[in-house]
Amino acid sequence: MNSKFVIQKAENIRNVIRYLQKFNNATIVIYLDDKIIESPLFSSHIRDIALLHKAGLKVVIIPAARQRIDDVLENSKIGWKFIDNIRITDRDAMPLIKMAAFDVSNIVMTSLAANNINAVIGNWVRSRAKGVLNGIDFGTAGEIEKLEVSAIKTVLDDGFIPIFPCIGWNSVGHPYNISSISLAQQVAVNLKADKLFFMMEEGGVNSQQYNIPETFALSENGEVPAMNLEEVDEFLQLNSQMKVAPGQVQIQSLLEKAREACKEGVTRVHIVDGNQDGVLPCEIFSDLGSGTMIYTSDYGQIRQMNQTDIPAVLRIMRPFIESGKLLPRSEEQLSNSINDFIVYELDGGVHACAALHLYKDGQAEIQAVAVDENFAHMGIGPKMIKYLISKSREQKAKSIFIMTTQAADWFEKLGFENDKIDSLPEERRKLWNPERNSMVYRIK
């Protein structure tokens, strides 16, 4: 068997074990777009949800019912319209809306039962009428007022999966049609969920459909893998003028909900593509997943390397050493220079490394820059270079240089300029190998 394949397979298994430990007993809230519920992959997604539940995660499901409500109202010849993406109907439509919402929830519950998972549909949402705004009577549309959090937690602790239809009731029992997306956000916030998923027909933010800021990292297929809250604001501002058809969910609305959820304590929000089989376990049990993740600033961090990181750093360096981009380094060499090294950690896994070495004459060298190829699209390399430049300036280095054989263009893009070998510190110049013929690039 190919050794590279074995190494990658082993790393994938390590990731799964690490995430199983991290998310044991965690709460995840899953919004299912109604087009996903109608798709051929629905049964596969339900099977994955069942596996997550059996793995010890506490799962909550909020299924959308927009298309089912459309069908029921159309068959009954009852009209409706959308204003600000809110359905407006006469009050006599509410029994049909309620029936359609519970129909969809029953589909989800039946599918879970087929996977030996107990679920319960509940009326845990207290709501009030949206009322009349700017002269417009929103009729059956409601606003979420309160969630019965203790009752929901009891259901979860008893081993059931709660399913929320898009219906809320007021204090005297009148039902209202509420937004499933808003409901998913509020459930996640109130339960202090570890993850909130929006599983859409087309998940994620991509460069084919949206304007992407130049500073954003993209995957190979043009998708934004992750955004912090500041980047969400930047994206929304750049795409604020984009139009969307009435009644359609737009990515901007999802990002706004994701941003607010993160601000109110949800650890991470994921917008994923329900047309991809296995998207949920991949997103939870791997460092990359698919779709777009919204996160607060604690997602990835640069930190000092420690002794236990050395096996992971050697693994990251290996392909760069084999291609001649890096000089070979042993475990002993890394251990002896451990104070020079930093690593990039993501969810407890190390995926990049670099080093900064200071010389007696005041020059600083950035060395051993290596990023796991699976994470190269995330902009980790430039972040680490920027960090080391800042660190060297804090230490009063008079200039910073790197030595490279194959990455000159990359360093030039980061502001480095070609320099002469004679400019190197004497002790470094003695180590220069004319056969390797490394070039010097410097930034002041």
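First things first, this report covers the structure right here in the doc.

Thresholds, definitions, all that
Residues numbered from 1 in each chain as written. Predicted model: local features only at pLDDT ≥ 70, side-chain atom pairs only at ≥ 80, totals over all residues. Heavy atoms only, no water. Axes fitted to C-alpha atoms, helices over the stretch in contact; angles between N-to-C directions. Helix = DSSP H or I, 4+ residues; strand = E, 2+ residues; numbered from the N terminus. Parallel < 35°, antiparallel > 145°, perpendicular 65-115°, else oblique. Left-handed = near helix turned anticlockwise from the far one by under 90°. Contact = heavy atoms within 4.5 Å. Pairing = 2+ DSSP bridges. Phe/Tyr/Trp six-rings, centres within 6.5 Å; stacked < 30°, edge-to-face > 60°. Buried < 20%, exposed > 50% of the residue type's maximum accessible area, 1.4 Å probe, protein only.

Digging into the packing of helix 4 (residues 66-75) against helix 5 (residues 94-113)
Two numbers describe how helix 4 lies on helix 5: the axes approach to 9 Å, and their chain directions differ by 140°. Classified by the interaxial angle, the pair formed by helix 4 and helix 5 is oblique. Crossing of helix 4 over helix 5 shows right-handed handedness. In contact with R68, I69, V72 and L73 of helix 4, helix 5 contributes L96, I97, M99, A100, D103 and V104.

A look at the environment of S392
Inspection of the secondary structure puts S392 in helix 13 (residues 380-394). Leaving out residues up to four positions away in the same chain, S392 has contacts with L356, A364, A397 and I400.

Some details on the sheet that holds strand 23 (residues 399-404)
If you trace the seven strands from one edge of the open sheet to the other, you get 19-20-21-22-23-25-24, paired in mixed fashion. A strand with exactly one partner marks an edge of an open sheet, and here the two such strands are strand 19 (300-304) and strand 24 (417-419). Here the average twist between neighbouring strands, direction ignored, is 30°. Where helix 11 (residues 310-322) meets the sheet, it contacts strand 20 (341-346), strand 21 (349-358) and strand 22 (363-371), and its direction lies at approximately 80° from that of strand 21. In the packing of helix 13 onto the sheet, the strands contacted are strand 19, strand 20, strand 21, strand 22, strand 23 and strand 25 (439-443), and the crossing angle to strand 21 comes to about 30°.

A short note on the packing of aromatic side chains
Scanning the model with the defined rule gives seven aromatic pairs in all. Geometrically, the ring pair formed by F102 and W169 is edge-to-face, given 6.2 Å between the ring centres and 70° between the ring planes. With F102 in helix 5 and W169 in strand 11 (residues 167-169), this residue pair connects regions lying 67 residues apart in the sequence. Classification of W169 as buried rests on a relative accessible area of 13%. Here F411 and F416 contribute two aromatic rings whose centre-to-centre distance is 5.5 Å and whose plane-to-plane angle is 80°, an arrangement assigned as edge-to-face. The pair F411 / F416 is uniform in exposure class, with both members buried.

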